[in-house]
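# A look at the structure
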Amino acid sequence: MRRGMTKAQEIAYDLREQIQSGALAGGEALPSESKMMSQYGYSRETVRAGVRLLIEEGLVVTGQGQGKYVREDYPPVVWNWTTLESRSRHANAVEGRTAGDQWASAIAENGNAPRQEIAVSIVVPPPHVRERLELPEGGLAVVRKRVRFIDNRPYALADSYFPQELVTGTPLMEPRDVSAPGGILASVGLVQAKYVDEISVRMPTHQEAEQLGLPSATPVAEHTRTGYDADDRPLRCMVTILPGDRHKILYEVSTD
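### Examining the overall build of the chain
When its secondary structure is counted, the chain shows 9 helices and 10 strands. A compact globule built from 256 residues should have a C-alpha radius of gyration of about 18 Å, whereas the chain, at 23 Å, is more than 25% larger. In terms of overall dimensions, the chain has a C-alpha envelope of 70 × 40 × 40 Å along the principal axes. Relative to its full complement of 256 residues, the chain shows a buried share of 43%. Within the chain, residue pairs in contact and separated by at least 24 positions form 61% of the contacts whose partners lie at least 6 positions apart. Side-chain charges of the chain comprise 29 positive and 34 negative groups, with the mean position of each set lying 5 Å from the other.

This is the structure we're talking about:
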C-alpha cells in the first residue's frame with residue numbers, strides 16, 4: 001500500500017496512472033471486478049470504492065449494464081466569439097457556400113460534419129432572458145432551441161430567443177437551418193449593432209446532462225449573448241450551453 005493511502009485510494013491511483021499514461025485509452029473498459037480483486041488482493045467492495053473515486057472525478061463513466069469505461073476525449077472546438085457573428089462572416093452565409101448558419105459554417109471549415117436538431121416555439125421566456133429582452137411580465141418570445149452535433153456527437157445546446165412581435169412571419173419561425181446574407185434579422189431590417197456577452201460556469205441541469213450525454217463531474221459554461229440595434233433595443237438573446245470537456249472560448253479584445 002502506498003503511504004498515507006487507503007486501499008480504495010491505492011486502486012484509484014493505479015488506474016488513474018494507467019489512464020493518464022494512455023495504457024487505458026478513452027472508451028476502453030476497465031478490468032473486471034474479479035480481475036482487479038485478484039490483481040490487488042482486495043475485496044469486491046474495496047475495488048468498487050476505488051473505481052467510484054474515479055467516477056466522481058469524471059475519469060471513468062458507467063456504460064450499459066455494469067461496465068465501467070475510461071471517459072472518452074472529445075476533440076476541443078474553439079469558439080471565436082469575436083468573429084463568429086461578425087457582419088463579414090454573415091455576408092458569406094448563403095446557400096451553396098456554407099453549411100448553413102454561422103456555427104455550422106465554422107465547424108465545416110474545420111473539416112468536421114455539423115448537424116443541428118431544431119425546435120421552434122412561442123414561450124414565456126426564463127426570467128433572465130425576459131430581463132435581457134426587456135419584455136413585460138408574461139411577455140412572449142419566439143425561441144429556436146438547437147442541439148448541436150459535431151460528427152454525430154452532441155457538443156452544445158443553443159437557444160435563441162426573440163421578441164415575438166419582431167420575428168413573427170420571418171424565416172426564424174421555421175424549424176430548420178435558415179440563413180441570409182447579413183443574417184436573418186438584418187434581412188428583415190433588424191440590424192444588430194452590438195452584443196453584450198455574459199459567461200458563467202456551473203454544473204449542468206439533469207436535462208442538459210441527458211441531452212449532451214455528459215458524464216459525471218462535467219461542468220458547463222453558460223454563454224449568454226444579447227444583441228442590440230443602434231438604438232439599444234434588444235433584438236435577440238442567445239443562451240449557449242458548452243460542456244467544459246469539449247470547448248474553448250476565444251475572444252480578441254482591442255486595447256483601444
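### Concerning a nonpolar patch on the surface
A cluster of nonpolar side chains, namely Ile 199, Val 201, Ile 249, Tyr 251 and Val 253, defines an oily patch on the protein surface of about 470 Å² accessible area. Relative to the assigned elements, Tyr 251 resides in the segment after β10 (247-250).

### Quick notes on the packing of helix α2 (residues 33-40) against helix α3 (residues 44-57)
Where α2 contacts α3, the two axes come as close as 9 Å, and the packing angle between them is 105°. What the angle tells us is that α2 and α3 run roughly perpendicular. Where α2 approaches α3, its residues Glu 33, Ser 34, Met 36 and Met 37 are matched on the opposing element by Arg 44, Val 47, Arg 48 and Val 51. Here the residues of the contact of α2 with α3 are counted per class, giving 4 nonpolar, 1 polar and 3 charged.

### Comments concerning the side chain of Glu 208
When you line up the elements, Glu 208 lands in helix α9 (residues 206-212). On the accessibility criterion, Glu 208 (11% relative accessible area) is buried. Engagement of the side chain of Glu 208 in a polar contact is seen with the side chain of Arg 202, the distance being 2.9 Å. Looking at Glu 208, its side chain comes within polar contact range of the main-chain nitrogen of Thr 205, at 2.9 Å.

### What about α3?
Along an α-helix, a turn takes 3.6 residues, which lines up residues three or four apart on a common side. The first and last C-alpha atoms of α3 sit 20 Å apart over 14 residues, in line with the 20 Å expected at 1.5 Å per residue. Turning to α3, its buried residues number three or more, namely Thr 46, Val 47, Ala 49, Gly 50, Val 51, Leu 54 and Ile 55. At its buried positions, α3 is contacted by α1 (7-21), α2, β1 (60-62) and β2 (68-70). One or two positions beyond α3, positive phi appears at Gly 58, with a value near 90°.

### Observations regarding the packing of aromatic side chains
Enumeration over the complete set of coordinates arrives at 2 aromatic pairs. Where Tyr 74 meets Tyr 155, the ring centres are 5.4 Å apart and the plane angle is 65°; that geometry is what we call edge-to-face. Residue Tyr 74 is located in the loop between β2 and β3 (77-80), and its partner Tyr 155 is located in strand β6 (residues 153-163); the two are separated by 81 residues in the primary sequence. This pair shows no difference in class: Tyr 74 is buried, exactly as Tyr 155 is. Seen in terms of ring centroids, Trp 79 and Trp 81 are 5.2 Å apart; in terms of plane orientation they differ by 15°. Their pairing is stacked. Looking at Trp 81, the relative accessible area reads 2%, which means it is buried. We note Arg 115 situated over the ring of Phe 149; from NZ or CZ to the ring centre the distance is 4.0 Å. In this arrangement the basic side chain of Arg 246 is found over the ring face of Tyr 74, its NZ or CZ atom lying 3.7 Å from the centre.

What counts and how
- Residues numbered from 1 in each chain as written.
- Predicted model: local features only at pLDDT ≥ 70, side-chain atom pairs only at ≥ 80, totals over all residues.
- Heavy atoms only, no water.
- Helix = DSSP H or I, 4+ residues; strand = E, 2+ residues; numbered from the N terminus.
- Rg over C-alpha atoms; globule rule 2.2 N^0.38 Å.
- Buried < 20%, exposed > 50% of the residue type's maximum accessible area, 1.4 Å probe, protein only.
- Contact = heavy atoms within 4.5 Å.
- Lys, Arg positive; Asp, Glu negative; His and termini not counted.
- Charge placed at Lys NZ, Arg CZ, Asp CG, Glu CD.
- Patch = residues over 30% accessible without salt bridge, like charges linked within 9 Å, V, L, I, M, F, W, Y side chains within 5 Å.
- Areas by Shrake-Rupley, 256 points an atom, 1.4 Å probe, with all protein chains shown as cover.
- Salt bridge = Lys/Arg side-chain N within 4 Å of Asp/Glu carboxyl O.
- Axes fitted to C-alpha atoms, helices over the stretch in contact; angles between N-to-C directions.
- Parallel < 35°, antiparallel > 145°, perpendicular 65-115°, else oblique.
- Nonpolar A, V, L, I, M, F, W, Y, C, P; charged D, E, K, R; others polar.
- Polar contact = N/O pair within 3.5 Å; in protein donor to acceptor, adjacent residues only side chain to side chain.
- Expected span 1.5 Å × (residues − 1).
- Phe/Tyr/Trp six-rings, centres within 6.5 Å; stacked < 30°, edge-to-face > 60°.
- Lys NZ or Arg CZ within 6 Å of the ring centre and 35° of its normal.

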